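Each chain is listed here by its residues.
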Amino acid sequence: MVGSIAAIGAGIAVIGAGLGIGQVGGKAMEGIARQPEAASKIQTAMIIAAALIEGVALFGVVVAFLGNNPQ
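The structure presented is a predicted model; accordingly, all values stated were derived computationally and were not measured.

What to know about the overall build of the protein
Counting its regular elements, the protein contains two helices and zero strands. Relative to a compact globule of 71 residues, whose C-alpha radius of gyration would be 11 Å, the protein shows 16 Å and is clearly more extended. Each principal axis of the C-alpha atoms in the protein carries an extent, and together these give about 55 × 15 × 5 Å. Counting across all 71 residues of the protein, residues that qualify as buried make up 17%. Sequence-distant contacts in the protein: of pairs separated by 6 or more residues, those separated by 24 or more amount to 75%. Of the accessible surface of the protein, which amounts to about 5,100 Å², a share of 72% is contributed by carbon and sulfur atoms.

Structure, rendered in structure tokens:
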């Protein structure tokens, strides 16, 4: 039972990361469409934000699987 709870936690973390990256990408595309001359700055900020979101998601997955250790 504990393993399935850890898998659910990992799944929620990954879903959250997917939603976050989707929001970041969508808003970045809107910003580039509105102001094309700022595309390089927007792209750099978008990549950094996506990397941070992925890091948090990976941390959530690791914590979910570490909680899978029934003693």
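Section: the UniProt feature "domain: V-ATPase proteolipid subunit C-like" (unreviewed entry) in the protein
On the UniProt side, "domain: V-ATPase proteolipid subunit C-like" (unreviewed entry) is annotated at positions that read residues 6-66 here. A distance of 8 Å separates the end C-alpha atoms of residues 6-66, which is 93% helix and 0% strand.

Overview of the environment of Val24
One can find Val24 in helix H1 (residues 2-34). By relative accessible area, Val24 is classed as partly exposed at 21%. Residues contacting Val24, with those up to four places away along its chain left out, are Met46, Ala49 and Ile53.

What counts and what doesn't
Residues numbered from 1 in each chain as written. Predicted model: local features only at pLDDT ≥ 70, side-chain atom pairs only at ≥ 80, totals over all residues. Heavy atoms only, no water. Helix = DSSP H or I, 4+ residues; strand = E, 2+ residues; numbered from the N terminus. Rg over C-alpha atoms; globule rule 2.2 N^0.38 Å. Buried < 20%, exposed > 50% of the residue type's maximum accessible area, 1.4 Å probe, protein only. Contact = heavy atoms within 4.5 Å. Areas by Shrake-Rupley, 256 points an atom, 1.4 Å probe, with all protein chains shown as cover. UniProt positions renumbered as here; feature names shortened; annotations may be inferred.

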